[in-house]
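Spelled out, the chains give:
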Amino acid sequence: KIDGPPVMVNACTGKMGNAVAEAAVRAGLQLVPFSFTGESEAVAIGNIGVSGIPVELVPPEVRQQALEDVRRDYPGLIIIDYTLPQAVNDNASFYSRNGIPFVMGTTGGDRDQLRADVEASGVYAVIAPQMGKQVVAFQATMQMMADQFPGAFAGYKLEVEESHQRSKVDTSGTAKAIVASFRQLGIHFADNEIQKVRDPMAQVDHMHVPENALQGHAFHTYSLRSPDGSVGFQFQHNVCGREIYAEGSVDAVLFLYQQIQQQTQQRLFSMIDVLRAGAMR
Ligand code: NAD
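Model, not experiment: these values are computed from the prediction.

Asker: How should I be thinking about the domain arrangement of the protein chain in this particular structure?
Answerer: Often the size quoted for an interface is simply the accessible area lost on bringing the parts together. Segmentation of the protein chain into domains returns domain 1 (7-131 + 243-276) and domain 2 (133-240). Centre-to-centre, using C-alpha coordinates, domain 1 lies 29 Å away from domain 2. Each side of the interface is counted separately: domain 1 has 9 residues, and domain 2 has 10 residues. Of all residues in domain 1, the largest losses of buried area upon contact with domain 2 belong to Q130, I244 and L275, amounting jointly to 52% of the total for that side.

In structure tokens:
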């Protein structure tokens, strides 16, 4: 066991939720054996196992009572949320209202509203649509380059390809963030020029995704060419599976736990804050 809080993961039924619950157990944190979930699943499944720990599923209509029981039995708990974009704002305001610190990995929803609600409540939280620490570090580095050297790549042509499991319908948020830095570096490029690769054949043949990662991967290639074609640059970040996000989420929990103990004035954090603190295991 390490010095850390009990952790409740919503929802352990999800792909990320399950991976992060396992990572929390691996890290030696106590897993709260309850998990909020979407309406249909709690009824259909009832109870699931995470690393041999039976976890009871809590449907939305009884979550207030369940949270009060959990808070009594697991004082000091931190919640990790990996649910769905349509649940993100409601869940965050529910945790905030109840004064429970949380790590929000879920993407989408109204992000400005999310930050405003959390800030108004004064609850401790890490909000990060990208928990892969090294990916966040790369993203931040590109932004630093753009801030330091605006226009350095003026005139260059950019090509961006991103490949994810077929179920991901939207364009990679990380690709959009990197593209925003490239724009500041002087390149004309619209978000809708990002090429989404979702066909498994193209993923294997063209993007070189290992077959066993077709169900979960995040591959990105950014290719830059100078106006006369004599200079080329290429950046890639290729992630197989979900481990990197699960491990980053556990780091975020441990970071938040420290901030709470020190009663820091800042209460809302991003993954950049976690990286800056050197809070990596
Ligand atoms: P998933 O569909 O496998 O799981 C979503 C789970 O949320 C389901 O089990 C569902 O029952 C549950 N759920 C739905 N509504 C709920 C509610 N109101 N309360 C509690 N639970 C509810 O999806 P996934 O692949 O695990 O992805 C989940 C989210 O995490 C997505 O937004 C995805 O983009 C994001 N994600 C973030 C990172 C990151 O680094 N931050 C990495 C990967 C995925």
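What follows continues from the structure just given.
Asker: Looking at this model, I keep getting lost on the site of the ligand. Mind explaining?
Answerer: Every one of the 23 residues lining the ligand counts as a neighbour, but T13, M16, E41, T107 and M131 are closest to it. G14 is positioned such that a nitrogen or oxygen atom in its backbone is 3.2 Å from an oxygen atom of the ligand. At a separation of 3.1 Å, a nitrogen atom of the ligand approaches a polar backbone atom of A128. Here the ligand has 870 Å² of accessible area as a free molecule, and 80% of this is covered by the chains. When grouped by side-chain class, the residues that make up the shell around the ligand number 11 nonpolar, 10 polar and 2 charged.

Asker: So what exactly am I meant to see when it comes to the packing of aromatic side chains here?
Answerer: Geometry of an aromatic ring pair is reported as the spacing of the ring centres plus the angle between the planes. Under the counting rule described, the total for this entry stands at 9 aromatic pairs. Here F36 and F94 contribute two aromatic rings whose centre-to-centre distance is 5.9 Å and whose plane-to-plane angle is 65°, an arrangement assigned as edge-to-face. Linking F36 in strand β2 (residues 34-36) with F94 in helix α4 (residues 88-97), this pair joins segments that are 58 residues apart in sequence. On the basis of relative accessible area, F94 is assigned to the buried category, the value being 1%. Of the aromatic side chains, those joined through ring pairs into one cluster are F36, F94, Y95 and F102.

Asker: Would you mind showing me how to read the pattern of salt bridges here?
Answerer: Here the structure, examined in full by the defined rule, presents 10 salt bridges. We note a salt bridge from D90 to R63, for which the minimum N-O separation is 3.0 Å. Here D90 is found in helix α4, whereas its partner R63 is found in helix α3 (residues 63-73), with 27 residues between them in sequence. Residue R63 is classed as buried on the basis of its relative accessible area, which comes to 14%. Of the charged contacts, one joins E162 and R198 as a salt bridge, the two residues approaching to 2.9 Å between their closest N and O atoms.

Asker: Just to check I follow, could you spell out the packing of α3 against α4 for this structure?
Answerer: Two quantities define a packed helix pair, namely the angle between the helix axes and the distance between the axes. Look at α3 against α4: their axes get within 12 Å of each other, and the N-to-C directions meet at 45°. Accordingly, the angle class assigned to the pair α3 and α4 is oblique. Handedness of the crossing formed by α3 with α4: right-handed. Here α3 contributes R63, Q64 and L67 to the contact with α4, which in turn contributes D90, N91, F94 and R97. For the contact of α3 with α4, a count of residues per class yields 2 nonpolar, 2 polar and 3 charged.

Asker: Please clarify how α3 should be interpreted in this entry.
Answerer: An α-helical segment advances 3.6 residues per turn. Residues three or four places apart therefore align on the same side. For α3, the full list of buried residues reads R63, A66, L67 and V70. The arc enclosing the buried residues of α3, seen along the axis, measures out at 100°, which places them on a common side. Contacts from the buried residues of α3 go to β1 (7-10), β2, β4 (53-58), β5 (78-81) and α4.

Reading the values: rules and limits
- Residues numbered from 1 in each chain as written.
- Predicted model: local features only at pLDDT ≥ 70, side-chain atom pairs only at ≥ 80, totals over all residues.
- Heavy atoms only, no water.
- Domains from an automatic or database assignment.
- Contact = heavy atoms within 4.5 Å.
- Buried area = accessible area lost by both parts, 1.4 Å probe.
- Near = heavy atom within 4 Å.
- Polar contact = N/O pair within 3.5 Å; in protein donor to acceptor, adjacent residues only side chain to side chain.
- Areas by Shrake-Rupley, 256 points an atom, 1.4 Å probe, with all protein chains shown as cover.
- Nonpolar A, V, L, I, M, F, W, Y, C, P; charged D, E, K, R; others polar.
- Phe/Tyr/Trp six-rings, centres within 6.5 Å; stacked < 30°, edge-to-face > 60°.
- Helix = DSSP H or I, 4+ residues; strand = E, 2+ residues; numbered from the N terminus.
- Buried < 20%, exposed > 50% of the residue type's maximum accessible area, 1.4 Å probe, protein only.
- Salt bridge = Lys/Arg side-chain N within 4 Å of Asp/Glu carboxyl O.
- Axes fitted to C-alpha atoms, helices over the stretch in contact; angles between N-to-C directions.
- Parallel < 35°, antiparallel > 145°, perpendicular 65-115°, else oblique.
- Left-handed = near helix turned anticlockwise from the far one by under 90°.
- Arc of directions from axis to C-beta.

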